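Residue-level structural notes
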Amino acid sequence: MTESSPGPRSRPRAALAMSPDAASAVLDAASLAALAALCDLPPLPVLDDLTTPRARAVLADVELLVTGWGCPPLDREVLRAAPRLRAVAHTAGSVRGHVTDACWERGVEVSSAAAANALPVAEYTLAMILLTGKRVLESAREYHASRTEPDRLRTSRTVGNHRRTVGILSASLTGRRVIDLLRPHDIEVLLHDPYVDTDGARELGVEQVGLTGLFRRGDTVSVHTPLLPETRGLVGRDLIDSMRPDAVLINTARGAVIDQDALTEAVLDGRIRAVLDVTDPEVLPPEHPLWECGNVLLTPHLAGSQGNEWRRLAGLALSEIARWVSGDGFLHPVRRERLAFLA
């Protein structure tokens, strides 16, 4: 039991605060039944507007909010309407959009399913590292166009994943999962993260390098840093221009971490390739040249949990709620002092 946990709670009053679409996607009938076994829940629909008379009546007694995508900000006005609120269990990743300073000031405990959401992002990243190393997309296009068998013995020695060098930008939850997934592969892994020291890098089994070294040495560089004021535009023109010819830049973090104009010039010139699951803005304007660039794979921010992967989010949130109800406290707490390092 944690110091902040007061002991087991007798069926706390809880409510769902998220968009109806998020609730139907993440919380299936079995998840809702499991939640109802732990807490007293008001009847549906979920709360997606915390200013309505119904919402205020629910908030008056609520001790736990189960939040998700589309949850309105939990500001001071909301907290005044929820005088008994003690905890927030988020069924997705980042809590920045709804957990406000007022929550931290009250001492509301916060949990997030970010650890569960990191796995599919890491799996997507691993797949893209291996596919781009093998030049699968380019070979598929050429095969489709020629309808003839290629001469495999003339394949460039730059193609393949044997001893490929992969640079990981940020040992975030996702960055660490990518490092874990790369272990079985014959790949050299570099890491740049100013908050990881030499011993930490050794424990991760990676080589800690400077930011410029990461981009100069990486055959592939994968971006996993959160978008913060100091990371906006972090991957700028100088870093992009320093990348090896035909290197691959993968971004599953936030589009604004990369100087998109500089990246666009580099891929249009054929100097590097890119896999972008995020852009700035999302979605790019229809006339943006990245849409038609053969050196770029654009995907619609799908690396995170999708489809049956939503079960993992619900499962982690339910396990967190069970711990909190039993008095053991959250296993995946979000701390105010760590917000500067989180997405």
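To keep things clear, this report deals only with the structure shown in the data block. No experiment lies behind these values; they were computed from the predicted model shown.

Examined against the element boundaries, valine 189 turns out to sit in strand E6 (residues 187-192). Looking at valine 189, the relative accessible area reads 12%, which means it is buried. For the pair valine 189 and leucine 32, spaced 157 residues apart in the sequence, the C-alpha separation amounts to 41 Å. Those residues in contact with valine 189, other than ones at most four positions away along the chain, are Val166, Ile168, Ile179, Leu182, Val206 and Glu207.

Here we come to the sheet that holds strand E8 (residues 220-223). Judged by pairing direction, the sheet is parallel, and its seven strands sit side by side in the order E7-E6-E5-E8-E9-E10-E11 without closing on themselves. The outermost strands of the open sheet, each flanked by one partner alone, are strand E7 (207-208) and strand E11 (296-298). The strands touched by helix H12 (residues 260-268) are strand E9 (248-251), strand E10 (273-276) and E11; relative to E10, the strand with the most contacts, the crossing angle is about 130°.

What follows covers the pairing of strand E3 (residues 87-90). Covered by surrounding structure in E3 are Ala87 and Ala89 together with Val88 and His90, the residues of both alternating faces. Of the pairings in the sheet, the one linking strand E2 (residues 64-67) to E3 comprises four bridges and is parallel in character. The residue of E3 that forms the bridge with leucine 64 is alanine 87. You can see the chain leave E2, run along helix H4 (residues 76-81) and come back into E3, and the turn it takes is right-handed. Pairing analysis gives three bridges linking E3 to strand E4 (residues 109-111), with the strands arranged parallel. Across the sheet, residue valine 88 finds its bridge partner in E4, namely valine 110.

Next up on the list: the sheet that holds strand E1 (residues 14-17). Ordered in space as E1-E2-E3-E4, the four strands form an open sheet in which the pairing is parallel. Strand pairing shows two members of the sheet lacking a second neighbour, E1 and E4, which therefore form its edges. Each adjacent strand pair in this sheet contributes to an overall mean axis angle of 15°, direction not counted.

Ranked by size, the top nonpolar core spans 28 residues in total, and within it Phe215, Val223, Val235, Ile240, Leu249, Leu263 and Val267 carry the most contacts. Of all the elements in the fold, those that place two or more residues in this core are helix H10 (211-217), E8, helix H11 (237-241), H12 and E10. At four residues, the largest contribution of residues to this core is made by H12. Grouped together as the second largest cluster of nonpolar side chains are 26 residues, Leu65, Leu74, Leu79 and Val334 included.

Before going further, it helps to examine the environment of aspartate 61. Position of aspartate 61 relative to the elements: it lies in the loop between helix H3 (53-59) and E2. For aspartate 61, a relative accessible area of 38% puts it in the partly exposed group. Put simply, aspartate 61 and alanine 14 are 47 residues apart on the chain and 8.3 Å apart in space, counted from C-alpha to C-alpha. Dropping the residues within four chain positions of it, aspartate 61 is found in contact with Arg13 and Arg84.

What follows is about the packing of helix H6 (residues 114-133) against helix H8 (residues 173-182). Between two packed helices, both the angle of their axes relative to each other and the distance between the axes serve to describe the pair. Closest axis-to-axis distance for the H6/H8 pair is 8 Å, and the angle between their directions is 50°. Taken as axis vectors, H6 and H8 run oblique relative to one another. The two elements H6 and H8 meet at a crossing, and its hand is right-handed. Together, Ala114, Ala115, Ala118, Leu119, Val121, Ala122, Glu123, Thr125, Leu126 and Ile129 of H6 and Leu173, Thr174, Arg177, Val178, Leu181 and Leu182 of H8 make up the contact between the two elements. When the residues that make up the contact of H6 with H8 are grouped by side-chain class, the tally is twelve nonpolar, two polar and two charged.

Definitions and limits used
- Residues numbered from 1 in each chain as written.
- Predicted model: local features only at pLDDT ≥ 70, side-chain atom pairs only at ≥ 80, totals over all residues.
- Heavy atoms only, no water.
- Helix = DSSP H or I, 4+ residues; strand = E, 2+ residues; numbered from the N terminus.
- Buried < 20%, exposed > 50% of the residue type's maximum accessible area, 1.4 Å probe, protein only.
- Contact = heavy atoms within 4.5 Å.
- Pairing = 2+ DSSP bridges.
- Axes fitted to C-alpha atoms, helices over the stretch in contact; angles between N-to-C directions.
- Right-handed = clockwise from strand over helix to strand, strands pointing away.
- Core = buried A, V, L, I, M, F, W, Y, C linked by side-chain atoms within 4.5 Å.
- Parallel < 35°, antiparallel > 145°, perpendicular 65-115°, else oblique.
- Left-handed = near helix turned anticlockwise from the far one by under 90°.
- Nonpolar A, V, L, I, M, F, W, Y, C, P; charged D, E, K, R; others polar.

Honestly, it's all geometry; don't read function into it.
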